[in-house]
Structure formats: C-alpha cells, structure tokens
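In case you want the letters, here they are:
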Amino acid sequence: MHMSLALWFAAAALALLFAATGVMKLFESREMLVADGQRWAASASPTFIRALGAAEILGAFGLVLPGIVGVLPQVTAVAAAGLGVIMAGAAVVHIRRGEQRAAAFAVVLLAVTVWIAWDRAGAVPF
C-alpha cells in the first residue's frame, strides 16, 4: 500500500514536470529556451526540440492517464521507459557539456522513471 502511494506520487510529480517542460519545448523558440538557461538547445534543431517536447507531453499523459481511467495499465510502463530513454540522453548531453548539476538531475529522473517502469511492468513483487 505504501509503495503504491509512493509510486503514484512519483508518477504524478514526473507527469507534471514532463508536461511543463514539454510544453515549454513545444511552444518556446530555441532562443527563448537558451535565454531561460537551456543552453543545450543552442546546438539542437528546432524540429528536434519540438519532437522532444511532444514526446515529453505524451509520456506525461502515459504516466498517469492509464491508472486514472483503468485502461491499458501497461502503457504506464512503456511511457516511463520512454521518458527514461530521454533522461539517459539528457544525462549524456549534460555530462559532455560539463553541466554536472543538470546531469545529476537527469540521472535522478532516470532512476525514478526506471522504478516506475519496472514496477508497472510487474517486475516488482511488492
């Protein structure tokens, strides 16, 4: 019971975070992202940034919507795994750029997405 509550809290928090960052990437210009401190965006194409934003928004919905409506719960595991891939890529980008704090944050988010994917895929016995 406690693990389920913690998992729901983590999924909801990640969904809010990814939805917010996804909307930002989808609707702000590359120049605005860079000005907001997202220096990695300077070397990314606008198409890639928008695709990343769309993927984050879809992943955010995938984290919570199946559990809310009670349909296709395995989608949550797939969404969490997809967001984990994005976070692994983000960690690599930030490490290469020497941005240790951003890389550490990406690794923490990666760990949480792996936990959610692992649990929702039925791999955790509790």
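A. The arrangement of the pattern of salt bridges in detail. Enumeration according to the criterion identifies four salt bridges in this entry. When the shortest N-O distance is used, the salt bridge between Arg-39 and Glu-99 registers 3.1 Å. Residue Arg-39 is found in the loop between helix H2 (30-35) and helix H3 (46-69), and its partner Glu-99 is found in the loop between helix H4 (74-96) and helix H5 (100-120); the two are separated by 60 residues along the sequence. In this structure Glu-99 comes out as buried when scored by relative accessible area, which is 12%. Note that Arg-97 and Glu-99 form a salt bridge whose closest N and O atoms lie 3.0 Å from each other. According to the relative accessible area criterion, Arg-97 is partly exposed, its value standing at 37%. Residues joined in a network through salt bridges with shared partners are Arg-39, Arg-97 and Glu-99.

B. Layout of a nonpolar patch on the surface. A cluster of nonpolar side chains, namely Trp-8, Phe-61, Leu-65, Ile-68, Val-69, Val-71, Leu-72 and Val-75, defines an oily patch on the protein surface of about 740 Å² accessible area. For the nonpolar patch, the leading source of residues is H3, giving four residues. For Trp-8, a relative accessible area of 32% gives the class partly exposed.

C. Spatial organisation of the layout of surface pockets. When its volume is computed, the largest pocket comes out at roughly 710 Å³. Forming the boundary of the largest pocket are 27 residues, of which Lys-25, Gln-38, Trp-40, Ala-90 and His-94 lie nearest the centre. Elements that contribute at least two residues to the lining of the largest pocket include exactly helix H1 (2-27), H3, H4 and H5. A class-by-class count of the residues in the lining of the largest pocket yields 16 nonpolar, six polar and five charged.

D. Main features of H5. The end-to-end C-alpha distance of H5, which contains 21 residues, comes to 30 Å, matching closely the 30 Å that a straight helix rising 1.5 Å per residue would cover. Here H5 has its buried residues at Ala-103, Ala-106, Leu-109, Thr-113, Ile-116, Ala-117 and Asp-119. Positioned one or two residues after H5, Gly-122 has a phi angle of 85°, which is positive.

E. Quick look at unusual backbone geometry. With a phi close to 50°, Leu-72 is a non-glycine residue in the positive phi region. Relative accessible area serves as the criterion here: at 48%, Leu-72 is assigned to the partly exposed category.

F. Quick peek at the nonpolar core. Residues Leu-14, Phe-18, Trp-40, Ile-49, Leu-63, Met-87 and Ile-116 are the most contacted members of the largest nonpolar core, which totals 25 residues. Of all the elements in the fold, those that place two or more residues in this core are H1, H3, H4 and H5. For Trp-40, the residues in contact, after removing those within four places along its chain, are Lys-25, Phe-48, Ile-49, Leu-52, Val-93, His-94 and Arg-97.

Scoring rules and cut-offs
Residues numbered from 1 in each chain as written. Predicted model: local features only at pLDDT ≥ 70, side-chain atom pairs only at ≥ 80, totals over all residues. Heavy atoms only, no water. Salt bridge = Lys/Arg side-chain N within 4 Å of Asp/Glu carboxyl O. Helix = DSSP H or I, 4+ residues; strand = E, 2+ residues; numbered from the N terminus. Buried < 20%, exposed > 50% of the residue type's maximum accessible area, 1.4 Å probe, protein only. Patch = residues over 30% accessible without salt bridge, like charges linked within 9 Å, V, L, I, M, F, W, Y side chains within 5 Å. Areas by Shrake-Rupley, 256 points an atom, 1.4 Å probe, with all protein chains shown as cover. 1 Å grid on protein atoms, 1.4 Å probe; cavity = no way out; pocket = protein on both sides within 12 Å on 5 of 7 lines; lining within 4 Å. Points joined across faces, edges and corners; volume = space filled by probe spheres on them. Nonpolar A, V, L, I, M, F, W, Y, C, P; charged D, E, K, R; others polar. Expected span 1.5 Å × (residues − 1). Core = buried A, V, L, I, M, F, W, Y, C linked by side-chain atoms within 4.5 Å. Contact = heavy atoms within 4.5 Å.

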